[in-house]
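Listed below, chain by chain, are the residues.
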Amino acid sequence: SQQGEEDPQALSIQEGENATMNCSYKTSINNLQWYRQNSGRGLVHLILIRSNEREKHSGRLRVTLDTSKKSSSLLITASRAADTASYFCATDFQGAQKLVFGQGTRLTINP
Amino acid sequence: SAVISQKPSRDICQRGTSLTIQCQVDSQVTMMFWYRQQPGQSLTLIATANQGSEATYESGFVIDKFPISRPNLTFSTLTVSNMSPEDSSIYLCSVDRTGGGTQYFGPGTRLLVL
């Protein structure tokens, strides 16, 4: 399978703390994306990082990409209860536009 | 972003029947995608639907079970045929508006087969 792996599978932290999720993949990519899904609803696109980028920021989100290790991390700073959701990384493959999703991390922010 | 709607939002169906899910986009797009998300699992791509051509199915998915139509650049349907309880899942459509890789997803159709 070319599907990525994410860890941890589940993460529970206190509001205000930072949350870090990791994603590993198996083949070379054009880009890697992170998505959020609330309670089995549609996915919301968070951020896209290209293979020639090493770090990207968007608000409270920070994404890193290490293509030599075929891994990425998503950091959410100063977490809020509304950040409670499942987070998925997704990769595409050079020459292909389809996405392959990781297994996801279930994040719970405790008030 | 893109505004994408799906109908129905949820349904409960009897085994052996078929359900057609509609996906409507607010602008013209070349590529539309259909995904399945089984309970507690991640998303798996079923097929890619391009207007004017046959859908391209991923390994493990066949046209007889999941026929797809793409009559124009803003609309697609996915039919789940001869359903069994194993087909109980969330079905999502998505689009790539710019070809840059970012996909925008519909709200999903939650299907329960009894």
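First things first, this report covers the structure right here in the doc.

Rules behind the numbers
- Residues numbered from 1 in each chain as written.
- Chains lettered and ligands numbered in written order.
- Predicted model: local features only at pLDDT ≥ 70, side-chain atom pairs only at ≥ 80, totals over all residues.
- Heavy atoms only, no water.
- Helix = DSSP H or I, 4+ residues; strand = E, 2+ residues; numbered from the N terminus.
- Rg over C-alpha atoms; globule rule 2.2 N^0.38 Å.
- Buried < 20%, exposed > 50% of the residue type's maximum accessible area, 1.4 Å probe, protein only.
- Contact = heavy atoms within 4.5 Å.
- Buried area = accessible area lost by both parts, 1.4 Å probe.
- Salt bridge = Lys/Arg side-chain N within 4 Å of Asp/Glu carboxyl O.
- Polar contact = N/O pair within 3.5 Å; in protein donor to acceptor, adjacent residues only side chain to side chain.
- Nonpolar A, V, L, I, M, F, W, Y, C, P; charged D, E, K, R; others polar.
- Disulfide = S-S within 2.5 Å.

Looking only at helices and strands, one finds zero helices and eleven strands in chain A. Listing the helices and strands of chain A from first to last along the sequence gives β-β-β-β-β-β-β-β-β-β-β. For 111 residues, the compact-globule estimate of 2.2 N^0.38 gives 13 Å, and chain A sits close to it at 13 Å. Overall, chain A is about 45 × 25 × 20 Å in size when its C-alpha atoms are taken along their principal axes. Counting across all 111 residues of chain A, residues that qualify as buried make up 44%. Counting only contacts in chain A whose residues sit at least 6 apart along the sequence, the fraction spanning at least 24 positions is 55%.

What follows covers the interface of chain A and chain B. The interface of chain A with chain B comprises 20 residues on the first partner and 21 residues on the second. For the pair chain A and chain B, the summed buried area comes to about 1,500 Å², and 48% of that belongs to carbon and sulfur atoms. Summed over the three residues of chain A that lose the most area to chain B, namely L43(A), Q97(A) and K98(A), the buried surface amounts to 34% of that side. The tally of links from chain A across to chain B stands at one salt bridge. Here E58(B) makes a salt bridge to K98(A), at a shortest N to O gap of 2.8 Å. Taken together, the connections running from chain A to chain B amount to six residue pairs in polar contact (both at pLDDT 80 or more). Secondary-structure elements contributing two or more residues to the side of chain A that touches chain B are strand 4 (31–37) and strand 5 (43–50) of chain A. Of the residues contributing to the side of chain A that touches chain B, the split by class is six nonpolar, eleven polar and three charged.

With that settled, the discussion passes to the state of the cysteines. Taken as a whole and judged by the stated rule, the model has two disulfides over all chains. Residue pairing for C23(A): its cysteine sulfur links by disulfide to C89(A), the two sulfurs lying 2.0 Å apart. Classification of the bridge connecting C23(A) and C89(A) rests on its S-S torsion, roughly 70 degrees, and on that basis the disulfide is right-handed. Placement of C23(A) in strand 3 (residues 19–24) and of C89(A) in strand 9 (residues 85–91) is noted, with a sequence separation of 66 residues between them. When sorted by exposure, C23(A) lands in the same class as C89(A), which is buried. The disulfide partner of C23(B) is C93(B), and the S-S distance across this bridge is 2.0 Å. Taking the sign of the torsion about the S-S bond as the criterion, the disulfide between C23(B) and C93(B), at about 75 degrees, is right-handed. One end of the pair, C23(B), is in strand 3 (residues 19–25); the other, C93(B), is in strand 9 (residues 89–96), and 70 residues separate them in sequence. Counting only cysteine sulfurs, C93(B) is the nearest neighbor of C13(B), a cysteine outside any disulfide, at a range of 17 Å.

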